[in-house]
Amino acid sequence: MLLNIPNFAHGALYALGAYLCYSAVSAGLPFPAGLFVAFAGAALAGLMLDRLVVRFVRAGGYLPQLITLFGAALVIEQLLLIGWGTIGLSYSPPELLRGSIDLGFTLVPRYIAFASLCSALVISAVWLLIEWTRFGAWVRAGIERPEMTQSLGINVDLLLIAGMMLGAGLAGLAGGLALPLMGATSTMGGDMMAIAFVVLVIGGLGSLYGAIAAGLMVGVVQSLMTVAAPAASTAIIYLVMIVILLVRPQGLFGER
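All of these numbers come straight from a predicted model, not from anything done at the bench.

Here is what the cut-offs are and how they apply
- Residues numbered from 1 in each chain as written.
- Predicted model: local features only at pLDDT ≥ 70, side-chain atom pairs only at ≥ 80, totals over all residues.
- Heavy atoms only, no water.
- Helix = DSSP H or I, 4+ residues; strand = E, 2+ residues; numbered from the N terminus.
- Rg over C-alpha atoms; globule rule 2.2 N^0.38 Å.
- Contact = heavy atoms within 4.5 Å.
- Areas by Shrake-Rupley, 256 points an atom, 1.4 Å probe, with all protein chains shown as cover.
- Lys, Arg positive; Asp, Glu negative; His and termini not counted.
- Charge placed at Lys NZ, Arg CZ, Asp CG, Glu CD.
- Expected span 1.5 Å × (residues − 1).
- Bend = angle between axes of the 7 residues up to and from the residue.
- Buried < 20%, exposed > 50% of the residue type's maximum accessible area, 1.4 Å probe, protein only.
- Axes fitted to C-alpha atoms, helices over the stretch in contact; angles between N-to-C directions.
- Parallel < 35°, antiparallel > 145°, perpendicular 65-115°, else oblique.
- Left-handed = near helix turned anticlockwise from the far one by under 90°.
- Nonpolar A, V, L, I, M, F, W, Y, C, P; charged D, E, K, R; others polar.

Caption draft 1: Structural detail: the overall build of the protein chain. What the protein chain contains, in helices and strands, is 10 helices and two strands. When the elements of the protein chain are put in sequence order from the N terminus, they spell out α-α-α-β-β-α-α-α-α-α-α-α. Taken over C-alpha atoms, the radius of gyration comes to 19 Å for the protein chain, in line with the 18 Å a tight globule of 256 residues would show. When its C-alpha atoms are laid out on the principal axes, the protein chain stretches across 55 × 45 × 35 Å. Taking the contacts inside the protein chain whose residues are at least 6 apart along the sequence as the reference set, 70% of them involve residues at least 24 apart. Carbon and sulfur atoms provide 72% of the accessible area of the protein chain, an area that totals close to 13700 Å². With 10 positive and 10 negative side-chain charges, the protein chain shows a separation of 6 Å between the mean positions of the two kinds.

Caption draft 2: The arrangement of helix α7 (residues 156–182) in detail. Relative to the 39 Å expected for 27 residues at 1.5 Å per residue, α7 spans 38 Å between its end C-alpha atoms, a close match to the ideal helical length. A maximum bend of about 25° is found in α7 at glycine 176, where proline proline 180 lies one to four positions downstream. By the criterion of burial, α7 is predominantly enclosed, with 19 of the 27 residues buried.

Caption draft 3: Up close: the side chain of serine 186. Secondary-structure assignment places serine 186 in the loop between α7 and α8 (188–203). Its relative accessible area of 8% is what places serine 186 among the buried residues. Setting aside chain neighbours within four positions, we find serine 186 in contact with Ala15, Tyr19, Glu77, Leu80 and Leu81.

Caption draft 4: Highlighting the packing of helix α1 (residues 10–26) against helix α2 (residues 31–52). Interhelical geometry of α1 versus α2 gives an angle of 140° and a closest axis separation of 8 Å. Considering their axes alone, α1 and α2 lie oblique with respect to each other. Once α1 is placed against α2, the crossing between them reads as right-handed. Across the interface between the two elements, Leu13, Leu16, Gly17, Leu20, Cys21, Ala24 and Val25 of α1 pack against Phe31, Gly34, Leu35, Val37, Ala38, Gly41, Ala42 and Ala45 of α2. Class assignment of the residues belonging to the contact of α1 with α2 gives a composition of 12 nonpolar, three polar and no charged.

Structure representation (structure tokens):
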């Protein structure tokens, strides 16, 4: 989203993060350290993906990059099968995060509350980084006006590498957070990518505000439909996407 290219490898990096977190906690590291390993390992994979694959097709436009990243996702999935096997892995959250919190009107699982808080903090940190730091201004300028940014002495290639690593690391972190909820399987990124693509389209390509607003909208709509009509809970988000695209083809906050 940040680099204006839907990265279809993020689903595989999400699964990689779950596996890396599982390996870290299985080796005796505390869960927060496992989350860091998931972030760092996925970010490193993003760096390798950019240097070995993406940079050779970046000048070709959207379609070559989309196809290349989709192919890379398939390769990563197969590497996960080779590395961790075909049987899914499960992990229970730490003792401190088990049980529920009584809010008076409902019970909220402690781990759900923890994951929600972590997600909110990460989203806030990314927003501050992109909107209120010099690095964020350089990245936005490098995406919108790469030639002008390069002429000012800013290394656009390094900015793109940093953006790729940040996005990949966040995908891995999400996989680590999802591990106690969903376990780890090589194909777990497929369902996540389907929802992420809907969020991206609804919010608008390249818009952080759009991604946040669309993510909340999709989550609320799908949760309500799960209660009212479970069989239609998945189909309804695609219907919402179609309606929004008919009214506003660039998405809620997209500019193109």
